[in-house]
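Coordinates in review
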Amino acid sequence: MDSALALSPLAARIAAMFPALANAPPATLERIAREGAYRKAPAGTPMFDEHSPCSGFPLVLAGSIRVLQRYPNGRELQLYRVKPGESCLLSGSCLLGHTNYVASGIAETEVELLILPPALFQALIAEDEPMLKAQLKARLAEAWPELVIVAEAENGEEAVMIAKEEQPDAEL
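Residues numbered from 1 in each chain as written. Predicted model: local features only at pLDDT ≥ 70, side-chain atom pairs only at ≥ 80, totals over all residues. Heavy atoms only, no water.

1. Comments concerning the confidence of the model for the protein
Predicted coordinates in regions of low pLDDT should not be interpreted in detail. On average, residues of the protein score 82 in pLDDT, and 81% of them reach the 70 mark or higher. Taken element by element, the protein is modelled with least confidence in helix H5 (residues 130-143), mean pLDDT 62, and with most confidence in strand E1 (residues 37-41), mean pLDDT 96. (pLDDT = per-residue confidence, 0-100. Helix = DSSP H or I, 4+ residues; strand = E, 2+ residues; numbered from the N terminus.)

This is the structure in C-alpha cells:
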C-alpha cells in the first residue's frame with residue numbers, strides 16, 4: 001500500500017496484517033483504527049461465551065483465541081483457532097445473523113486485538129469495503145456450502161429495504 005506512510009501506526013498495522021483490508025482506502029483504515037476498541041487480555045481470559053450476544057468483530061493482532069463448544073458432561077470440542085491476521089468466522093456470522101454465540105472463545109495466549117463495534121462492522125460490509133465483503137462471503141461459503149445468497153445491497157439504506165422484502169436468516 002503506497003499510502004502506508006501517511007497512516008497512523010495502528011491503521012498501517014491493520015493494512016499489513018489483514019489481506020482483505022490491504023487495499024482499503026486510507027480513510028477506511030483510519031476509521032477502523034479510530035472506532036475499534038483496542039484490547040489486550042492474558043492467556044485464559046474468556047473472550048466470549050456461548051449464548052451471549054456478539055459485542056463486536058475481533059481482528060486479532062497478536063496471540064491466539066481458541067473457539068470451542070462445551071458440553072454438559074464437561075468435555076470440550078475445539079472448533080478452530082483465530083491467529084494474528086485472522087478474523088473470527090463465528091463472530092462474523094453472529095453479527096450478520098443477529099444471533100448469540102453458539103460457542104465460547106478463550107485467549108489461548110496473551111492476546112492483542114481490535115474489536116470492531118457491530119455498527120462499524122455492518123457499515124464496512126454494506127458501504128465501505130467490497131474486498132471485506134468478498135472475503136467474508138468466501139469464508140461463509142467454505143464453512144456453510146448450503147448458504148444461498150438471495151440479494152446484495154450497495155449501501156445501508158438498500159440493505160434495510162431488501163432485508164424487509166426478503167426476510168433472510170442472515171444479512172451480509
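2. Let's talk about the pattern of salt bridges
All told, the structure shown has six salt bridges when counted by the stated rule. For Glu76, the salt bridge goes to Arg70, with nearest N and O atoms at 3.1 Å. According to the relative accessible area criterion, Glu76 is partly exposed, its value standing at 41%. For Arg70, a relative accessible area of 39% puts it in the partly exposed group. (Salt bridge = Lys/Arg side-chain N within 4 Å of Asp/Glu carboxyl O. Buried < 20%, exposed > 50% of the residue type's maximum accessible area, 1.4 Å probe, protein only.)

3. Some thoughts on the sheet that holds E1
The antiparallel open sheet is built from three strands, whose spatial order is E1-E7-E3. Looking at strand neighbours, the two that pair on one side only are E1 and strand E3 (57-62), the edges of this open sheet. On average, each strand axis in the sheet is inclined to that of its neighbour by 30°, with strand direction left out of account. In the packing of helix H1 (residues 9-17) onto the sheet, the strands contacted are E3 and strand E7 (111-116), and the crossing angle to E3 comes to about 90°. (Pairing = 2+ DSSP bridges. Axes fitted to C-alpha atoms, helices over the stretch in contact; angles between N-to-C directions. Contact = heavy atoms within 4.5 Å.)

4. So, the state of the cysteines
For the structure on display, the rule yields zero disulfides. With no disulfide of its own, Cys54 lies 5.6 Å from the sulfur of Cys94, the closest cysteine sulfur. Residue class for Cys54 comes out buried when judged on its relative accessible area of 12%. Cysteine Cys88 remains unbridged, with the sulfur of Cys54 as its closest cysteine sulfur at 7.6 Å. Judged by its relative accessible area of 2%, Cys88 is buried. (Disulfide = S-S within 2.5 Å.)

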